[in-house]
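Spelled out, the chains give:
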Amino acid sequence: MGRPLRACISIPALQHNLHRVRALAPGARVWAVVKANAYGHGLLNAMEAFGAADGLALLEFDAAQRLREAGWQRPILMLEGPFEPADVALARRLRLTLALHDPVHLDWLAMHPALGEAERLDVWLKFNSGMNRLGMRAPVLRDAYDALAAAPLAAQAAAPLAAQVRLLAAQVRSVGLLTHFANADVPGGIDQAWPAFVAATQGLAGPRSASNSAAIIDHPATHGDWVRPGVMLYGATPFASRDAAGLGLRPAMRLDSELIAIQTVSAGESVGYGSLFTADAAMRIGVVACGYADGYPRHAPVGTPVIVDGRRVRLAGRVAMDMLMVDLTDAPGARVGSPVQLWGDRLPIDEVAQAAGTIGYELMCALAPRVPVVVERSDG
Ligand SMILES: *Cc1c(COP(=O)(O)O)cnc(C)c1O
């Protein structure tokens with residue numbers, strides 16, 4: 001019925017990929033990263049599929065609230081911490097775990113103090129291991145740690161100091177230590193960052209978390225207590241030149257459509273806006289119901305692969321808002337209504353991304369709200 005474009009989300013594929021994480025990091029607990037609407041797969045679909053994860057991680061407070069309302073009971077890690085003081089109160093109410101990446105967050109904790117034992121927060125101090133995005137350098141991190149973890153000392157400390165220390169220490173239940181790598185996906189990419197994190201946190205009690213997908217796969221020494229897989233859970237690769245299938249991952253999103261029209265063009269005739277593609281021979285041009293308003297990248301060049309009627313064909317002409325065109329030379333049986341796959345089990349999203357000069361992450365996150373989503377609960 002209606003426009004044939006749809007995104008199919010496979011719960012079994014998401015579950016398979018979580019099992020891959022478990023197999024790669026058997027000693028670690030898993031924060032399944034579900035930011036950005038679970039990388040475009042749908043927050044509640046991800047919650048359903050990742051029921052066996054130890055926690056979920058994201059950064060949007062409204063989404064965290066939706067997870068609690070939908071019944072997620074386990075930890076929820078807020079990867080970017082509070083954005084304003086009031087977020088601390090929200091975190092207490094929703095029992096959210098906060099990453100604290102700036103010392104000002106300690107002041108915010110004190111501005112919204114815990115009303116009782118149950119409102120104490122689990123927090124993770126974030127170390128800047130060289131990305132220079134979020135996180136504290138070693139001396140600042142250690143000061144923050146001392147302030148938060150000093151509860152037992154506070155009782156014995158000198159009076160004015162003790163009051164301040166006690167106040168902060170009473171705000172938290174536990175303190176963990178985390179970092180995020182800038183280059184875990186390239187050889188040698190953590191050679192400085194990992195030792196820096198180890199040194200900065202030396203002697204501090206508490207759980208450690210450092211590994212994103214690339215580090216889970218390539219740097220087992222960094223697994224620590226909690227790993228934070230994102231893209232691999234969705235069946236795409238974190239690496240530029242190793243494909244997801246080779247990593248044992250299954251694509252969890254298919255973007256499927258159909259041909260809605262066919263044109264026959266002669267040699268020398270052009271196709272689409274800007275006449276970007278000119279036929280070098282007589283050929284049939286297929287028109288696919290999918291465009292940049294659906295999340296397909298407008299900058300995908302002529303030649304980007306598309307699957308039509310089970311055959312691999314090439315994009316022909318500029319992607320438009322609602323449609324794109326393909327050269328049907330290699331799909332002679334294609335008709336109006338023939339099935340089309342833009343990415344999925346027959347065409348890795350990473351391959352389309354590479355052709356378009358981006359990464360699988362961006363394409364999955366860009367899936368537009370207007371695309372209907374079909375959830376598959378068994379392998380069809
Ligand atoms: C997004 C994110 C991850 C997951 O990264 P992937 O490369 O998708 O595995 C882990 N940690 C933090 C802090 C993140 O922001």
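Calculation notes
Residues numbered from 1 in each chain as written. Predicted model: local features only at pLDDT ≥ 70, side-chain atom pairs only at ≥ 80, totals over all residues. Heavy atoms only, no water. Helix = DSSP H or I, 4+ residues; strand = E, 2+ residues; numbered from the N terminus. Contact = heavy atoms within 4.5 Å. Areas by Shrake-Rupley, 256 points an atom, 1.4 Å probe, with all protein chains shown as cover. Near = heavy atom within 4 Å. Polar contact = N/O pair within 3.5 Å; in protein donor to acceptor, adjacent residues only side chain to side chain. Nonpolar A, V, L, I, M, F, W, Y, C, P; charged D, E, K, R; others polar. Phe/Tyr/Trp six-rings, centres within 6.5 Å; stacked < 30°, edge-to-face > 60°. Buried < 20%, exposed > 50% of the residue type's maximum accessible area, 1.4 Å probe, protein only. Lys NZ or Arg CZ within 6 Å of the ring centre and 35° of its normal. Axes fitted to C-alpha atoms, helices over the stretch in contact; angles between N-to-C directions. Parallel < 35°, antiparallel > 145°, perpendicular 65-115°, else oblique. Left-handed = near helix turned anticlockwise from the far one by under 90°. Domains from an automatic or database assignment. Buried area = accessible area lost by both parts, 1.4 Å probe. Salt bridge = Lys/Arg side-chain N within 4 Å of Asp/Glu carboxyl O.

Bringing the overall build of the chain into the picture now. Of the regular secondary structure elements, the chain holds 13 helices and 18 strands. In terms of its C-alpha atoms, the chain occupies a principal-axis envelope of roughly 90 × 45 × 40 Å. Sequence-distant contacts in the chain: of pairs separated by 6 or more residues, those separated by 24 or more amount to 65%. About 16400 Å² of surface is accessible on the chain, with carbon and sulfur atoms providing 54% of the total.

This part is about the site of the ligand. The full set close to the ligand counts 13 residues, and K35, Y39, S213, V231 and Y361 are the nearest of them. Within the side chain of Y39, a nitrogen or oxygen atom sits 2.6 Å from an oxygen atom of the ligand. In the model, a nitrogen atom of the ligand is placed 3.4 Å from a nitrogen or oxygen of the H180 side chain. Protein contacts shield 93% of the accessible area of the ligand, which totals 380 Å² for the unbound molecule. Partitioned by chemical class, the residues of the shell around the ligand number six nonpolar, four polar and three charged.

What follows covers the packing of aromatic side chains. Given two aromatic rings, one states the distance between the centres and the angle between the planes to describe the pair. One pass over the structure, following the stated rule, counts ten aromatic pairs. Judged by centre distance (6.1 Å) and plane angle (15°), the ring pair of Y296 and W343 falls under stacked. Highlighted residues: Y296 in the loop between β13 (283–288) and β14 (305–308) and W343 in strand β17 (residues 339–343), separated in sequence by 47 residues. Residue Y296 is classed as buried on the basis of its relative accessible area, which comes to 1%. Given a relative accessible area of 1%, W343 falls into the buried group. Counting every residue linked through ring pairs, the aromatic cluster contains Y39, F50, Y234 and Y361. Directly above the ring of F239 sits R242, whose terminal nitrogen or CZ lies 3.8 Å from the centroid.

What follows is about the packing of helix α4 (residues 61–69) against helix α5 (residues 86–94). One can describe the packing of α4 onto α5 by two numbers: an axis separation of 11 Å at closest approach and a directional angle of 15°. Between α4 and α5, the angle falls in the class roughly parallel. Like other packed secondary-structure pairs, α4 and α5 cross with a definite hand, here left-handed. Residue-level contacts link F61, Q65 and R68 of α4 to D87, L90, R93 and L94 of α5. Tallied by class, the residues present in the contact of α4 with α5 amount to three nonpolar, one polar and three charged.

Moving on: the side chain of Q341. Here Q341 is to be found in strand β17. In this view, Q341 contacts R254, L255, D256, V306, I307, R346 and L347; residues no more than four positions away in its chain are not counted.

Moving on: the domain arrangement of the chain. Domains assigned within the chain are domain 1 (11–235) and domain 2 (253–376). Contact with domain 1, which involves nine residues of that partner, is made by eight residues of domain 2. Between domain 1 and domain 2 the total buried area reaches about 790 Å² when both faces are included, carbon and sulfur atoms providing 67% of it. Taken as a group, Y39, H41 and V231 account for 46% of the area that domain 1 buries against domain 2, more than any other trio of residues on that side. Inspection of the domain 1/domain 2 interface yields zero salt bridges. The interface formed by domain 1 and domain 2 holds one residue pair in polar contact (both at pLDDT 80 or more) in total. For the side of domain 1 that touches domain 2, the secondary structure elements donating two or more residues are α1 (11–24) and α2 (35–39). Classifying every residue of the side of domain 1 that touches domain 2 by side-chain character gives six nonpolar, three polar and no charged.

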